[in-house]
Amino acid sequence: MNIRMIAYLIGQMLRVESALMLLPLLCNFIYREDNLIAFLVPIVLLAALGTALTFKMPKNRNIYAKEGFVIVGISWILLSLFGAMPFLISGVIPHFCDAFFETVSGFTTTGASILRDVETLPKSMLFWRSFTHWIGGMGVLVFTLAVLPRANERSMRLMHVMRAEVPGPVVGKLVARIKSTARILYGIYITLTALEILLLLPKMSLFDALCTAFGTAGTGGFGIWNDSIAHYGSVYVDAVVSLFLVLFSMNFNLFYLLLLGHVRPVLRNTELRCFLGIVSVATLTIAIDIRHLYPGLLKPFRYAFFQVMTIISTAGFSTANFNDWPVFSRTVLVLLMFIGACAGSTGGGIKVGRIVLLCKSFVREIRHMLHPRSVNVIRIDGKRVEEETIQGALTYMATYLFLFSAAVVALSAFDNFDMITNFTAAAACFNNIGPGLELVGPNGNYWLFADASKYILSFTMLAGRLELFPMLVLFSPSTWKNH
């Protein structure tokens with residue numbers, strides 16, 4: 001275990017968080033609020049600790065898979081601990097467990113909240129709360145790699161860090177250098193965010209547009225109004241947010257192909273076509289199911305499409321209280337919670353790409369049972385899928401089901417709520433969505449859970465955002481044994 005290199009990269013991450021926290025500090029000055037100390041203290045602490053850890057680059061720069069998992073796991077925990085400090089110091093969220101839960105929910109782009117009246121928060125705190133979505137959406141370590149000082153990438157093996165943080169069954173480089181890949185990803189991310197802000201400005205203030213775009217880009221869903229996007233009551237706002245939820249749910253590699261002029265591979269992309277197909281079918285069936293709740297022909301489709309996109313993208317915004325919808329519609333939404341967005345996007349869930357891979361693997365096994373001597377190769381987009389990738393998807397699903405079941409049982413032990421509340425709370429946090437059903441529906445939140453349950457849900461949010469294994473490796477005793 002290369003402890004010094006782990007500490008060096010974590011120190012770089014802390015310095016990045018310190019710099020990013022200057023933006024809500026600027027917001028504090030613009031709106032003349034009294035939260036200077038709340039941001040200044042963590043900024044100074046992050047800068048001092050980060051500088052101490054990065055004062056000298058280690059001679060041994062080797063990073064392997066184990067180091068990559070540990071770096072990502074520790075970084076996201078520290079990111080959340082320091083990120084909770086403004087809420088604690090300002091007194092906006094005085095209880096540590098609540099502040100940590102809220103911050104983890106922000107950085108993991110979950111959007112689950114313990115706040116019952118967000119409109120009373122100072123604007124600087126609302127800005128920081130929404131900004132955590134944007135920071136966590138693409139990954140803070142991907143951003144750190146983009147701004148990392150020039151170094152020998154071959155010796156550092158930074159690909160292990162990116163693979164541990166970027167969601168999806170397969171993570172590859174867009175170009176030869178990891179640093180260049182990280183910069184391309186963040187360039188696309190920033191451009192799409194800026195475009196959404198510009199399109200939202202005609203219907204809302206700059207502050208509202210920024211916070212809404214942060215939540216959309218990170219597919220997080222923290223609202224700055226108690227009734228979320230429904231506050232604006234605008235078809236235009238619903239359409240813009242829905243459109244960008246589609247874009248941020250796509251694999252960012254596809255945007256790079258479009259920039260290169262390769263349109264045909266994007267249109268033929270299996271994962272994207274399946275994703276759009278699932279969205280279309282879910283929207284149509286839910287719109288038909290809720291047609292009696294809304295007058296006219298277009299309103300059911302408007303509410304159905306927005307809610308389908310906000311759930312499958314794992315954003316968690318709302319324009320309607322889907323907790324009151326018929327059982328069929330709620331069942332479809334719960335299934336969408338598990339499916340999630342595309343691999344390589346800012347969304348959570350199991351990922352459409354992994355679902356496609358598992359379905360093809362299932363079909364192959366059935367064919368093999370019927371024809372034992374046949375050789376069935378799984379192909380996606382015309383390319384053969386390696387057996388290692390298939391095995392990884394199966395291992396992920398087995399681990400996913402085990403952890404999810406354990407989370408539901410643990411919640412039931414600490415909180416005697418109804419089954420739907422506990423089940424959907426675990427599903428919403430594990431898949432980084434936010435709202436569930438019943439007590440944690442769009443009009444409810446997580447303040448009523450016991451502290452132990454909030455820590456469990458915080459772990460599930462981190463595990464879900466980091467594709468399970470970084471958190472499992474971090475807390476595995478064998479990781480820290482010297483071999």
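Residues numbered from 1 in each chain as written. Predicted model: local features only at pLDDT ≥ 70, side-chain atom pairs only at ≥ 80, totals over all residues. Heavy atoms only, no water.

(A) Geometry of the overall build of the protein chain. In terms of regular secondary structure, the protein chain is built from 23 helices and two strands. What you see for the protein chain is a C-alpha radius of gyration of 22 Å, in line with the 23 Å of a compact globule of 483 residues. In terms of overall dimensions, the protein chain has C-alpha extents of about 65 × 65 × 50 Å along its principal axes. Relative to its 483 residues, the protein chain shows a buried fraction of 57%. (Helix = DSSP H or I, 4+ residues; strand = E, 2+ residues; numbered from the N terminus. Rg over C-alpha atoms; globule rule 2.2 N^0.38 Å. Buried < 20%, exposed > 50% of the residue type's maximum accessible area, 1.4 Å probe, protein only.)

(B) Fine view of the side chain of Thr212. Mapped onto the fold, Thr212 is located in helix 12 (residues 206-217). Reaching out from Thr212, the side chain makes a polar contact with the backbone oxygen of Asp208 at a distance of 2.8 Å. Apart from residues lying up to four places away in sequence, Thr212 is in contact with Glu196, Leu200, Met204, Ile229, Tyr232, Val241 and Phe317. (Polar contact = N/O pair within 3.5 Å; in protein donor to acceptor, adjacent residues only side chain to side chain. Contact = heavy atoms within 4.5 Å.)

(C) The environment of Met5, seen in detail. Looking at the element boundaries, Met5 is found in helix 1 (residues 3-20). For the pair Met5 and Pro58, spaced 53 residues apart in sequence, the C-alpha separation works out to 6.2 Å.

(D) Quick look at the packing of aromatic side chains. Applying the stated criterion across every chain, the model contains 31 aromatic pairs. Judged by centre distance (5.9 Å) and plane angle (10°), the ring pair of Phe131 and Trp134 falls under stacked. Separated by three residues within a single helix, Phe131 and Trp134 lie in helix 7 (residues 123-138), roughly one turn from each other. Side by side, Phe131 and Trp134 carry an identical accessibility label, which is buried. For the pair Phe404 and Phe430, a centre-to-centre distance of 6.4 Å together with 10° between the ring planes defines the contact as stacked. Of the two residues, Phe404 sits in helix 20 (residues 387-414) while Phe430 sits in helix 21 (residues 419-430), which places them 26 residues apart along the sequence. Each member of the pair, Phe404 as well as Phe430, carries the same accessibility label: buried. In textbook terms, an aromatic cluster arises when at least three aromatic residues are bridged by ring pairs, as seen for Phe107, Phe127, Trp128, Phe131, Trp134, Tyr186, Tyr189, Phe214, Phe244, Phe248, Phe252 and Phe255. The side chain of Arg116 reaches across the aromatic face of Trp447, ending 3.9 Å from its centre. The ring of Phe222 is capped by Arg129, whose NZ or CZ atom sits 3.9 Å from the centre of that ring. (Phe/Tyr/Trp six-rings, centres within 6.5 Å; stacked < 30°, edge-to-face > 60°. Lys NZ or Arg CZ within 6 Å of the ring centre and 35° of its normal.)

Bear in mind that shape data such as this cannot, by itself, settle questions of function.
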